[in-house]
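Here is what each chain is made of, one letter per residue.
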Amino acid sequence: MFTDPATACSRDGVGETPNSAARGRRRFGDACQANAPRAVTSSTRQAAQSFLRPGPDGLIHCQILLLPGFELNELTALVDTFATVNRLLRGDRFAWRLASLDGKPVMAAGGPSIAVAETATAAEAAHQFILSAYDMASGTHAAIGPWLCRRYAMGARIAAIGGAGRLLAEAGLLGGRVCAIHWTFAAAMQEGLQEISIEDRLFAIDDRIATCAGREATLDFALKLVADSIDERFARLVADSLNHARPREAGERQLSELDFAGQRGATAIVHTVAAMRRRMNEGEDLAGIAAQSGVSQRQLQRLFRRHLGMTPTQYFLKARLQRARHLLQFSVLSVTEIAIATGFASISHFTRRYTELYGRTPTAERGRTPRRSRAATVLPAFNLAAA
């Protein structure tokens, strides 16, 4: 079944499952629906870290298999990331070759034809990336299934981007795994393949199998691979080189959280989120927020549960913690200053809530990112010092 980890988490209360950062470049208030990945454990963390493995020569060898109708921007995201890593390191870390089923050029979505270097079976690269069309019918490339199974049995690490997730599912390689499939065909795919578990997320890495929802999420996925194989600071340098200011994390939702425009009560929720944005440093003043929204607290509770799957208090807490995470990563404010700026009365309360949501303390979060000078700090658009 297609599940939203955010909604599942909120039913049991906030903080039950670690969350991810605010979405992309959106303002935080539009990005606070609990983009919650699976619980962070040592085993899942190690699985993510081990996806890319250098060969005996120190290179990460990749074959990118192109199937007809693949998205050109997905190929660009992978190749640009690999090339930028090599350029910044002033040496080769990634080695990749493009392949097709028959060694001939492949037509991408929109018409351009891309030349390849080899057939899919010509080499046994340690890492197999697959790109395909989104509207690919079930069984279109049935012959690929046995080949993928053999590649996996021989130790290959396989990543399916966008429409290619269907190939892994039909080959039986996604059974028992959480996977990320583009929302446009996730429901249809789930109907035909009941045994797989599709979540509304950008990408998923499970040992030697990875799935990515594709399109813009492909760059976030590629940067995550760099972060896990080298380190997060270097991945941020790569992201900056690609003008990708806010890499998103695996568990963030594919769709905008405020996607209920036109439905009954939508205006009240939009006004409430705006009020939360203005009162970010005031703590949980639901009565004041409800008053600014023009509805009662009881009605607000019903609207948030119906449209967002959580209470206003849970939503506001996640918004504040996501804002705190942004400040920890992109400012030089102290942890105490950030706690005050996001409405927490004590450091202990802030630390406990943050750890529940992200699986690490605020201090540990600050240690994962490069320090920035105060002169370079960009404060939020809203006034954190407002009374």
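Positions within a chain are numbered from 1, following the residues in the order the chain's sequence is written. Thresholds applied to this predicted model are a pLDDT of at least 70 for local features of residues and 80 or more for the giving and counting of side-chain atom pairs; totals over whole chains, interfaces and linings are not thresholded and use all residues. Only hydrogens and water are set aside; all other atoms, that is, all heavy atoms of the structure, feed into the side-chain values.

Novice: Just checking my understanding: could you explain the overall build of the protein chain for this structure?
Specialist: In this description a helix means any DSSP run of H or I spanning at least four residues, a strand means any run of E spanning at least two, and both kinds are numbered starting from the N terminus. Along the backbone of the protein chain there are 15 helices and 12 strands. The buried share among the 387 residues of the protein chain stands at 56%. Contacts in the protein chain between residues at least 24 apart in sequence constitute 71% of all its contacts with a sequence separation of at least 6. Working definition: with a 1.4 Å probe on protein chains only, accessible area under 20% of the residue-type maximum means buried, over 50% means exposed, and in between means partly exposed. Contacts are assigned to residue pairs that have any heavy atoms within 4.5 Å of one another.

Novice: Sorry if this is basic, but what is going on with the sheet that holds strand β6 (residues 118–119) here?
Specialist: Strand pairing is assigned whenever DSSP identifies at least 2 bridges connecting the two strands. Pairing within the open sheet is mixed, and its 7 strands lie in the order β6-β3-β2-β7-β8-β12-β11. If you trace the sheet from one side to the other, it starts and ends with β6 and β11 (203–206), each paired once. Pairing geometry for strand β2 (residues 60–66) and strand β3 (residues 94–100), over 6 bridges, is parallel. When the sheet's bridge partners are listed, Ile 64 is paired in β3 with Leu 98. For helices, the axis comes from a line fit to the C-alpha atoms of the stretch in contact; other axes are also lines fit to C-alpha atoms, and the angle between any two N-to-C directions lies between 0 and 180 degrees. Helix α3 (residues 72–89) contacts β2, β3, β7 (127–132) and β8 (157–162) of the sheet and is inclined by roughly 155 degrees relative to β3.

Novice: Explain the packing of α3 against helix α7 (residues 217–229) to me, please; I cannot follow it from the model alone.
Specialist: The angle between the axes and the distance between the axes are what describe a pair of packed helices. Direction vectors running N to C along α3 and α7 enclose 30 degrees, while the axes themselves pass 8 Å from each other. Considering the angle they form, α3 stands roughly parallel to α7. The two elements α3 and α7 meet at a crossing, and its hand is right-handed. Contacts from Glu 74, Ala 77, Leu 78, Thr 81 and Val 85 of α3 reach α7 at Thr 218, Leu 219, Ala 222, Leu 223 and Val 226. Here the word oblique covers every angle except those under 35 degrees (roughly parallel), over 145 (roughly antiparallel) and from 65 to 115 (roughly perpendicular). Definitions for this section: a left-handed crossing has its near helix turned counterclockwise from the far helix by less than a right angle. A right-handed crossing has that turn clockwise.

Novice: Would you mind showing me how to read the packing of aromatic side chains here?
Specialist: Think of a pair of aromatic rings as described by two things: how far the centres are apart, and how the planes are tilted against each other in angle. Any two rings among Phe, Tyr and Trp, with Trp reduced to its six-membered ring, count as a pair given centres within 6.5 Å; such a pair is stacked if its planes are under 30 degrees apart, edge-to-face if over 60, and tilted if neither. Applying the stated criterion to the full structure yields 8 aromatic pairs. Ring centres 5.8 Å apart and planes at 55 degrees place the aromatic pair Phe 82 and Trp 96 in the tilted group. Note that Phe 82 is positioned in helix α3 and Trp 96 in strand β3, a separation of 14 residues in sequence. Using a relative accessible area of 25% as the deciding quantity, one classes Trp 96 as partly exposed. Three or more aromatic residues link up through ring pairs in this structure, and these residues are Phe 82, Phe 94, Trp 96 and Phe 129. Distance and angle both matter: a charge sits over a ring if NZ of Lys or CZ of Arg is within 6 Å of the ring centre and within 35 degrees of the ring normal. In this structure, Arg 208 packs its charged tip against the face of Tyr 152, placed 3.9 Å from the ring centre. Here the basic side chain of Arg 325 rests over the ring of Tyr 358, its NZ or CZ set 5.0 Å away from the ring centre.

Novice: In this structure, what is going on with unusual backbone geometry? I would like to understand it.
Specialist: With glycine set apart, most residues show a phi of negative sign, and most peptide bonds adopt trans. In this structure, Arg 90 is a non-glycine residue whose phi angle is positive, near 55 degrees. With respect to the secondary-structure elements, Arg 90 resides in the loop between α3 and β3. Residue classification places Arg 90 among the exposed positions, given a relative accessible area of 81%. With a phi close to 60 degrees, Asp 207 is a non-glycine residue in the positive phi region.

Novice: How should I be thinking about the nonpolar core in this particular structure?
Specialist: Take the buried Ala, Val, Leu, Ile, Met, Phe, Trp, Tyr and Cys residues and link them wherever side-chain atoms come within 4.5 Å; each set so joined is a nonpolar core. Within the largest apolar cluster, 40 residues are counted, with the highest numbers of intra-cluster contacts made by Ile 64, Leu 66, Phe 129 and Phe 221. For this core, the leading source of residues is α7, giving 8 residues. Phe 221 has contacts with Phe 129, Ala 159, Ile 161, Phe 203, Ile 205, Ala 210 and Cys 212, leaving out every residue within four places of it along the chain.

Novice: Where do I start with helix α11 (residues 297–308) in this structure?
Specialist: Structural remark: α-helix, 3.6 residues per turn; residues separated by three or four positions point the same way. How far a helix is expected to stretch is found by multiplying one less than its residue total by 1.5 Å. For α11, spanning 12 residues, the distance from its first C-alpha to its last is 16 Å, which sits close to the expected 16 Å at 1.5 Å a residue. Taken residue by residue, α11 has Leu 300, Leu 303, Phe 304, His 307 and Leu 308 as its buried positions. The arc enclosing the buried residues of α11, seen along the axis, measures out at 95 degrees, which places them on a common side. Within α11, the exposed residues directed more than 90 degrees away from the buried face are Arg 298 and Arg 306. Taken from the residues just after α11, Gly 309 is the one with a positive phi, measuring 75 degrees. Regarding the arc, it is the one traced by the directions from the helix axis to the C-beta atoms.

Novice: Quick question: what am I supposed to make of the pairing of strand β12 (residues 209–212) here?
Specialist: Regular strands have side chains that alternate between both faces of the sheet. Side chains Ile 209 and Thr 211 of β12 all project onto a buried face; the interleaved residues Ala 210 and Cys 212 project onto the opposite face, where all are buried too. Note that β8 and β12 share 4 bridges and pair parallel. Bridge assignment links Ala 160 to a residue of β12, and that residue is Thr 211. In terms of strand pairing, β11 meets β12 through 4 bridges, oriented antiparallel. Considered in β12, the bridge of Ala 204 is made with Thr 211.

Novice: Help me understand helix α8 (residues 232–241), please; the structure alone is not making it clear to me.
Specialist: Considered for burial, the residues of α8 that qualify are Phe 234, Ala 235, Arg 236, Val 238 and Ala 239. Think of a polar contact as two N or O atoms within 3.5 Å of one another; within protein, one of them needs to be a possible hydrogen donor and the other a possible acceptor, and neighboring residues in sequence only count if both atoms come from side chains. If you check the start of α8, you find a side-chain oxygen 3.1 Å away from the backbone N of Arg 233, and it comes from Asp 231. Phi turns positive, to about 55 degrees, at Asn 243, one or two residues after α8.

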